[in-house]
Each structure stands twice: as structure tokens, then as C-alpha cells.
Amino acid sequence: MPKITYITPADGVEHEVAFTPGDSVMTTAVNHDIPGIEGECGGEMNCGTCHVRVAESWRMKFSEPDWDEAVMLDIVDRQPDSRLGCQLKLRPEHDGVRVTVATTED
């Protein structure tokens, strides 16, 4: 089964978990109780509580944010590597992807 690693910046802990292809980065995090990923809106791009920072080596393996995601990312202080986890659908080729859970300072 493919895996994703979530890095929690407050403590630097890496959480490697299996994902189901087709699920989002947010759904996978919520299903595995990853600290800092809330997904309060259930993936509707209304809250930004699934904000993650995608490792540079993996950014090109996901599509670019659409306009709606870009607007929400601007609200949560977008960085060049910022994405909403609810919009990142995982595929088998994402096995090994690494994301950092964004902090309120991000």
C-alpha cells in the first residue's frame, strides 16, 4: 500500500501512514489522526484547516491550484509550497510523498 509522510513542525515528528489512492491528503490525515489537520469544512475549501506545505520534489506531481484554492490559500498566508490538503488527490505514483502540516505562522 502506498504511503505518505506528514511532518508536524512543532515537534518535527514524521508520521508515515498508508493511503488509499483516490483519497485526499486531508482525508488521509484525518483518518490517521495527524495533528494539525482539521478539515473542518469536509473538503469544501471553506476553512483552510488542511493547509499543508508540499516538499519541493513533489510539487510538480500534483496539478496547480485552481482559482478557488488559490483564493483560500491567500487567506491562510500562502507560501510557494502551500496547498490545501483537501484538493490534493493521492494516486499510486504519490507513494513516498512528504508534506509538512502548516502552522498558523505559515
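Everything discussed here concerns the structure shown above.
Residues numbered from 1 in each chain as written. Predicted model: local features only at pLDDT ≥ 70, side-chain atom pairs only at ≥ 80, totals over all residues. Heavy atoms only, no water.

A. Just helix α3 (residues 67-75), in detail. Within the sequence span of α3, burial applies to E69, A70, M72 and L73. Considered in projection along α3, the buried side chains sweep an arc of 165 degrees and stay on one side of the axis. Those residues of α3 that are exposed and aimed more than 90 degrees away from the buried face are W67, D74 and I75. Those residues of α3 that are buried are in contact with β3 (51-54) and β4 (82-84). The N-cap of α3, judged by a side-chain oxygen 3.2 Å from the amide nitrogen of D68 a few residues on, is D66. In the segment just after α3, D77 is the residue with positive phi, at about 60 degrees. (Buried < 20%, exposed > 50% of the residue type's maximum accessible area, 1.4 Å probe, protein only. Helix = DSSP H or I, 4+ residues; strand = E, 2+ residues; numbered from the N terminus. Arc of directions from axis to C-beta. Contact = heavy atoms within 4.5 Å. Polar contact = N/O pair within 3.5 Å; in protein donor to acceptor, adjacent residues only side chain to side chain.)

B. Spatial organisation of the pattern of salt bridges. All told, the structure shown has five salt bridges when counted by the stated rule. With its nearest N and O atoms 3.4 Å apart, the salt bridge here joins R78 to D74. Of the residues examined, D74 reaches a relative accessible area of 51% and is grouped as exposed. A salt bridge links E93 to R91, with the nearest nitrogen and oxygen atoms 2.6 Å apart. (Salt bridge = Lys/Arg side-chain N within 4 Å of Asp/Glu carboxyl O.)

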